[in-house]
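Structural overview for review
As a plain string of letters, each chain reads:
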Amino acid sequence: MDCNDSEPPLGPRHEDLLPASTERSVKVVVVGGFGVGKTTMVGSVSEIRPLTTEETMTQAGVGVDDLSGVERKTETTVAMDFGRITLNDRLVLYLFGTPGQQRFWFLWNGVIAGALGAVVLVDTRRLEESFPAMDRLEQGGVPFVVAVNNFPGAPVHPVRDLRSALDLPEHVPVVGCDARRLDSSRDVLLTLMHHLYDSATATREFL
Amino acid sequence: MSGDGRGWERDWEEGTPVPLYIVTGGRTDAGEAQVLDLVTLIVARSEPQPGMRPEHVSILRLCAGPLSVAELSAYLDLPFSAVQVLLADLIADSLVEARQTRAAHTAAADPDVEILKALIDGLQRL
Ligand SMILES: Nc1nc2c(ncn2[C@@H]2O[C@H](COP(=O)(O)OP(=O)(O)OP(=O)(O)O)[C@@H](O)[C@H]2O)c(=O)[nH]1
Ligand SMILES: [Mg+2]
């Protein structure tokens, strides 16, 4: 994958066109701390070369002077990588990798809104970096699975210990992965889909 | 987030700089107001016409087949909200079709079991 060009391509290549009949699309977000492998995961499962979309965020400045009524605003551009998987001639999945600067993508509500689910990538050397992302997903009511990226030299914890360290309820799946591998990243997505399927088919009284 | 008492034509999402354009529904339709999502698929319903602004021409060219708003934003090198605004014009003039919009005040998607089955089948074939 060559990512050193800043110019966006002019349009989709012929082989990147979706079937004309595509009518349903779903959104999955990959979240987690800085450098945990989000961009890598998006790239390893995507059928297109990953693209970037961005948004300008404004935040009312702190220390607003009530008397003058003048608000200070700060602007930040947030860029997200995304990839695509065509599932059949009607349905397509888009996978968005949020940037590591957590406090900015949190402001982009359109990322979480309407998401089917999320993958929380965790580096066992820096567990606490995944907490803000999980809080944000819980607030948004977005179901998620936790994928533990196996970095060389990172401590290996039994799933049970990880679950309690991350304060995860029993129903949230935790899986290991190597975000660089297509099959491993695909399996993480499958775990998420099975989790969603189980929740959708479980009867209310068991929830 | 609740939609009560908000404007009809447009709505604001905290943090994003431009209004969230409502593309269908709302005041007159019975259904919930719909907005363009990152993954809403856009399909041209017309050829570019003389006198159109260049961004509109580019969108119509790119969307000869279905393409998501996120992909449009990437190929046009424009922020998502700028593309939303451009698309709102084209939708108002029926020059493009938007597939898979989302409710303005939604949390997570609530997928039906058939979609989840298709996702599992498709991913298994990957
Ligand atoms: N060993 C190992 N290395 C990985 C894995 N996933 C990613 N990496 C490496 O970790 C580095 C960071 O990966 P990125 O995908 O850029 O991480 P990111 O989460 O997108 O980073 P930010 O966007 O900066 O927050 C890269 O050098 C990857 O090659 C993994 O599963 N195993
Ligand atoms: Mg990244």
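Residues numbered from 1 in each chain as written. Chains lettered and ligands numbered in written order. Predicted model: local features only at pLDDT ≥ 70, side-chain atom pairs only at ≥ 80, totals over all residues. Heavy atoms only, no water.

Looking up chain B in an unreviewed UniProt entry gives the name DUF742 domain-containing protein, with the organism given as Streptomyces radiopugnans.

Chain A is annotated in an unreviewed UniProt entry as Signal recognition particle receptor subunit beta, a GTPase of Streptomyces radiopugnans. Regarding chain A, the UniProt comment filed under Sequence similarities (unreviewed entry) reads as follows: "Belongs to the GPN-loop GTPase family." (UniProt positions renumbered as here; feature names shortened; annotations may be inferred.)

Before going further, it helps to examine the packing of helix α1 (residues 54–62) of chain B against helix α2 (residues 69–76) of chain B. All names here are of chain B. Viewed as axis vectors pointing N to C, α1 and α2 meet at an angle of 125 degrees, and their least axial separation amounts to 11 Å. Relative to α2, α1 is oriented oblique. Of the two elements, α1 crosses α2, and the hand of that crossing is right-handed. In contact with S58, I59 and L62 of α1, α2 contributes L72, Y75 and L76. (Axes fitted to C-alpha atoms, helices over the stretch in contact; angles between N-to-C directions. Helix = DSSP H or I, 4+ residues; strand = E, 2+ residues; numbered from the N terminus. Parallel < 35°, antiparallel > 145°, perpendicular 65-115°, else oblique. Left-handed = near helix turned anticlockwise from the far one by under 90°. Contact = heavy atoms within 4.5 Å.)

This brings us to the pattern of salt bridges. Under the definition given, this model contains 19 salt bridges over all chains. Across the salt bridge formed by R180(A) and D178(A), the nearest N and O atoms sit 2.8 Å from each other. (Salt bridge = Lys/Arg side-chain N within 4 Å of Asp/Glu carboxyl O.)

With that settled, the discussion passes to the pairing of strand β5 (residues 117–123) of chain A. Residues and elements named next belong to chain A. Taking burial as the measure, the 7 residues of β5 include 7 buried ones, the bulk of the element. Burial along β5 is two-sided: the face carrying G117, V119, L121 and D123 and the face carrying A118, V120 and V122 are both buried. In the sheet, strand β1 (residues 24–32) pairs with β5 via 5 bridges, with the strands oriented parallel. Bridge pairing in β5 links G32 to L121. Here β5 pairs with strand β6 (residues 144–149) via 6 bridges, running parallel. Within β6, the residue paired with V122 across the bridge is V148. Viewed along the sheet, the connection from β5 through helix α4 (residues 131–140) into β6 turns out right-handed. (Buried < 20%, exposed > 50% of the residue type's maximum accessible area, 1.4 Å probe, protein only. Pairing = 2+ DSSP bridges. Right-handed = clockwise from strand over helix to strand, strands pointing away.)

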